[in-house]
Amino acid sequence: MNFSKTITYWYSENKRDFPWRKTKNPYFIWLSEIILQQTQVKQGLPYYEAFVSTFPTVFDLAKAPEQDVLKLWQGLGYYSRARNLHFTAKHIVSELNGVFPNTYSDIIKLKGVGDYTASAIASIAFNEPAAVVDGNVYRILSRFFDINTPINSTKGIKEFKVLASTLIDKEAPAIFNQAIMDFGSRQCKPKNPNCNICPLNNSCLALKKNKIQALPVKLKKVKVTQKYFNFLVCIDSNNNVLFEQRVKKGIWQNLYQFPLIETEKSISVDEFHLLKVKTYLLKDIDFDYSLYNKTDKIHKLSHQHLHTKFWIIETKALPKEAIPFSKLKSYPTPVLISNFINEFNF
DNA sequence: AAGTCGGGGCT
DNA sequence: AGCCCAGACTT
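Scoring rules and cut-offs
- Residues numbered from 1 in each chain as written.
- Chains lettered and ligands numbered in written order.
- Predicted model: local features only at pLDDT ≥ 70, side-chain atom pairs only at ≥ 80, totals over all residues.
- Heavy atoms only, no water.
- Helix = DSSP H or I, 4+ residues; strand = E, 2+ residues; numbered from the N terminus.
- Buried < 20%, exposed > 50% of the residue type's maximum accessible area, 1.4 Å probe, protein only.
- Contact = heavy atoms within 4.5 Å.
- Salt bridge = Lys/Arg side-chain N within 4 Å of Asp/Glu carboxyl O.

Caption draft 1: View of the overall build of chain A. A tally of helices and strands in chain A yields 14 helices and nine strands. For the C-alpha atoms alone, the extent of chain A along its principal axes is close to 80 × 50 × 30 Å. Looking at chain A as a whole, 49% of its 346 residues are labelled buried. Within chain A, residue pairs in contact and separated by at least 24 positions form 67% of the contacts whose partners lie at least 6 positions apart.

See the structure below:
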């Protein structure tokens, strides 16, 4: 039995029952694919359920304020996905008459949709034989065919896409694409795959050459930069607090946080004056301050390690843009901030 | 072609 | 600690 037939047969015996596998509605397929970008099913599943429930149609998503979309996305990371999702929903409603595009070439024009996602939607929702190449597919193909081209090089991206395109079952692209990804996540796993029970173990070149652990080949690794964040939790005697939106480009764009001052290194209580709170934030306002966490809270992102301090600043009155404690949890925030809000117990 | 963008899970 | 995850976008 050849590669593709083996994968498809394995899937028929082992497929899992996910909610997005019960529908051909392109809106739901799109939603699931955006949520699952760089995200494991276990983490994305509850978000999919919440989005389908809150926004049953593309019209519901389009008419929602961005803040509501980001709030529902809170905790999932890569927030540009949520912003692009919302932008595209509005685009489909206002420019495409609410009708989801039905070909790969039209789907890939949507913001937030690249080659993988366009292929997934076109194949699953419209049965177009467009091959998906995600992390699972890179791993399976590089191992089975012993391909050493780095999967994140320009050459590798083209090479694996061409190969996947020759392998896809043109009669059943929806099943094949989901099958090969499922096979990758559960059988041909990154670490310690159980090749003894693999239906492809008699023809897998990496297994034959003992190169399972060495494949796929991946270029470079992101170097992690250290950053030092000082959040200023400014509260007044009437239970109000300063809270602001991150409008600049960078991490957590459009999410909310306490006023932030970044420093070159971790500062001590004695060095609080370096933050120049009196100059930049609370002009002519008297306040008392204290440090909430004695040791830096380290929040790890994929490319940054954030060493964070929460400074509690108490004053009689704050600028009028301060919000009441009771409204804090209605804003979309990074996990770091929502964790603090829950812990501090305003 | 290289950097940026989250958070959680696994080893 | 390092790598991975149903990647896409920007520079």
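Continuing now.
Caption draft 2: Main features of the pattern of salt bridges. Enumeration according to the criterion identifies twelve salt bridges in this entry. Residue Lys161 pairs with Asp115 through a salt bridge whose shortest N-O separation is 3.1 Å. A residue pair is termed long-range when its members are at least 10 positions apart, and Lys161 in helix H10 (residues 154–167) and Asp115 in helix H8 (residues 115–126) qualify at 46 residues. For Lys265, the salt bridge goes to Glu271, with nearest N and O atoms at 3.5 Å. On the basis of relative accessible area, Lys265 is assigned to the partly exposed category, the value being 45%. If you follow the salt bridges from partner to partner, you end up with Arg16, Arg21 and Asp182 in one network.

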